[in-house]
Every structure is written in structure tokens, then in C-alpha cells.
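Descriptive structure summary
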Amino acid sequence: MAEADLSGVLTCTDCGAARISPVVCTECGTIFEIPSDAFALFGLTRSWAVNPTSLEARYEALSRACREKSATRQDFREKSSEAVAALDAARRLLLDPVERAQYLLTSYGGVARDKPVRKREFQTEVMEIDQAFTKARREGDTARLAAVVLEAEEKLASAIMAAGQSFTRLERSLVEEVSAAADALAEARLWRRKVDEMRAGLGR
Ligand SMILES: [Zn+2]
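Residues numbered from 1 in each chain as written. Predicted model: local features only at pLDDT ≥ 70, side-chain atom pairs only at ≥ 80, totals over all residues.

**A closer look at the overall build of the chain**
For the record, the criterion: Here a strand is any run of E in DSSP of at least two residues, a helix any run of H or I of at least four, and the numbering for each starts at the N terminus. Radius of gyration here is computed from C-alpha atoms only, and the compact-globule reference equals 2.2 Å multiplied by the residue count raised to the power 0.38.
What the chain contains, in helices and strands, is six helices and two strands. Start at the N end of the chain and walk to the C end: the helices and strands fall as β-β-α-α-α-α-α-α. Here the chain has a C-alpha radius of gyration of 25 Å; the compact-globule value for 204 residues is 17 Å, and the former is much larger. When the backbone C-alpha atoms are referred to their principal axes, the chain occupies close to 90 × 60 × 25 Å.

Shown next as C-alpha cells:
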């Protein structure tokens, strides 16, 4: 999925340079606001799709600007450490798929659950893994132990993938529906103008 960013939209009001994020100007070190949204902090739109390489590059550029430019300026010395701390926390959150999923879930108005709806089936799966692990450890079967751990890792990966698929579908349908609504709205506006003109022509 294409990564939406705000590059080119934001410019520094102090030096005029383009800004990759609302938080700091990488040219002059001016700190603007520290957005509470982890994605906004990096100049990204909220999405399941996070490109770790590009996130790291942004993190590197922004935190370096805070440390090397803002921190050396009297007016931003205090704010710079606040900004670095916010960047650190947001980076951790965005790179951890479970944290990222939790964040997106909440932002879509979802409520986190302790257990999945398919509770029984899930508990059975967990119990089976637990039993296999205990048995392999008791028997000192290292190959079996490694296989059980691998199985649990695969379950983790597929649960993360399922969450990602849901968010991706949600984002796609959101984009499509917003576009459909914009289209319908354009028609509605044209029709309203038309109806108004016709009514005026009728002398009403
Ligand atoms: Zn600047």
C-alpha cells in the first residue's frame, strides 16, 4: 500500500524549509507542536501499513534535528527532550505490530478484549500447546520443544496477520466509501442548484 505522507504540505514558518513532520523543522530545529498521534508525529497518515525502513529514516532525521539543532537553541532546549521522548515512544508503538493494532483498534472506536469471542476453541489451542511444551520439557526433547515454540510463534504471526488484514480492508473500504460519498455529494449539490433554479423559474 502506498504510504501517504504530508511531505511538501508543511513548510517551516521560521526558515521556509519543507517539513517532513509537524513536530520539528529538520533545517533550523524549530519545534512546533508535538502531536499526540503517533503517525502524525512522523508526518504519516494513520494506517496499518508502516514501512519500517522509511519510519526509521524519519525517526533518524527528526530525532537528530531535535538533539543537534533544537537542543542547542535557548528557546527550544526544554521542548527538544520532550519531542525526542515523544518520537521514541511513537517509534516503538508503530514498529510493534501488537501495539500498532491496539492503537488502530482504539482509534476506530474498537474496545480491546482480554479473550477472543471463540473462547473455547482458543483455550483448547493454548492448552494443547502448553501440554506439549510441558511434556517435551519433562522428557528433555529439545527438538520437540523447539517445534512447540515455533508452533506458538506461528499462531502469533497469523493472529497479527489477521488483524492487519482487517485494518487493510477497513482502510480500503473507508477510502472507497468516502470517495462514493464525495461523488454523491457533488451530484446532490448540482441537483439542488438545478431544483432551486427551476423553482425560481416557476415563480415560487
Ligand atoms: Zn526551519
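The rest of the description comes next.
**Quick look at helix α4 (residues 97-107)**
We apply this condition: The exposure label follows from counting other C-beta atoms within 10 Å of a residue's C-beta, where the C-beta atoms are placed from the backbone and the thresholds are 20 or more for buried and 12 or fewer for exposed, leaving partly exposed in between. It is the directions from the helix axis to the C-beta atoms that the arc portrays. This entry defines residue contacts through backbone-placed C-beta atoms, with two residues in contact when those atoms are within 7 Å.
Turning to α4, its buried residues number three or more, namely Arg100, Ala101 and Leu104. Mapping the buried residues of α4 onto a view down its axis gives an arc of 100 degrees, with all of them on the same face. For α4, exposure combined with an orientation more than 90 degrees from the buried face picks out Val98 and Thr106. Where the residues of α4 are buried, they touch α3 (77-95) and α6 (142-201).

**Overview of the packing of helix α2 (residues 52-69) against α3**
Selection criterion: Geometry is summarised by axes, namely lines fitted to C-alpha atoms with helices restricted to the contacting stretch, and by angles between N-to-C directions that run from 0 to 180 degrees. Here roughly perpendicular refers to angles of 65 to 115 degrees, roughly parallel to angles under 35, roughly antiparallel to angles over 145, and oblique to all remaining angles. For this classification, Asp, Glu, Lys and Arg are treated as charged, while Ala, Val, Leu, Ile, Met, Phe, Trp, Tyr, Cys and Pro are nonpolar and the rest, including Gly, are polar.
Remark: α2 packs on α3, axes separated minimally by 9 Å, with the N-to-C direction vectors making an angle of 170 degrees. Here α2 is positioned roughly antiparallel relative to α3, judged by the angle of their axes. Only Ser80, Ala83, Val84, Leu87, Arg91, Leu94 and Leu95 of α3 make contact with α2, whose side of the interface consists of Pro52, Leu55, Tyr59, Leu62, Ser63, Cys66 and Arg67. Broken down by class, the residue content of the contact of α2 with α3 amounts to ten nonpolar, two polar and two charged.

**A look at the domain arrangement of the chain**
Applicable threshold: For the purposes of this description, domain bounds are those given by an automatic or database domain assignment.
Domains assigned within the chain are domain 1 (10-107) and domain 2 (119-201). Contacts between the two partners involve six residues from domain 1 and, on the opposite side, six residues from domain 2. Considering only residue class, the side of domain 1 that touches domain 2 consists of five nonpolar, one polar and no charged.

**Examining the packing of helix α5 (residues 119-138) against α6**
Rules: A clockwise turn of the near helix away from the far one marks a right-handed crossing, whereas an anticlockwise turn of less than a right angle marks a left-handed crossing.
At a minimum axis distance of 8 Å, the contact between α5 and α6 shows a crossing angle of 160 degrees. The angle between the axes of α5 and α6 places the two elements in the roughly antiparallel class. Considering how the two elements wind past one another, α5 and α6 form a crossing that is left-handed. Between α5, through Ile129, Ala132, Phe133, Ala136 and Arg137, and α6, the contact on the second element is made entirely by Arg144, Leu145, Val148, Glu151 and Ala152. Of the residues belonging to the contact of α5 with α6, the class tally is seven nonpolar, no polar and three charged.

**What about α6?**
Here is the rule we go by: A helix is expected to span 1.5 Å multiplied by its residue count minus one.
Given a rise of 1.5 Å per residue, 60 residues ought to cover 88 Å, and the 88 Å separating the end C-alpha atoms of α6 matches this to within 8%. Where burial is concerned, little of α6 is hidden: one out of the 60 residues are buried. Directly beyond the C-terminal end of α6, a positive phi value near 75 degrees is found at Gly203.

**A word on the nonpolar core**
Note the following rule: Here, a nonpolar core means buried Ala, Val, Leu, Ile, Met, Phe, Trp, Tyr and Cys residues linked by C-beta atoms lying within 7 Å of one another.
Among the nonpolar cores identified, the biggest contains 18 residues, and Val24 and Ala83 are the most heavily contacted of them. Broken down by secondary-structure element, the contributors of at least two residues to this core are α1 (38-41), α2 and α3. Top element by residues in this core is α3. It accounts for five residues. Not counting residues up to four positions away in its chain, the partners in contact with Ala83 are Val23, Val24, Ile31, Ile34, Cys66 and Ser70.

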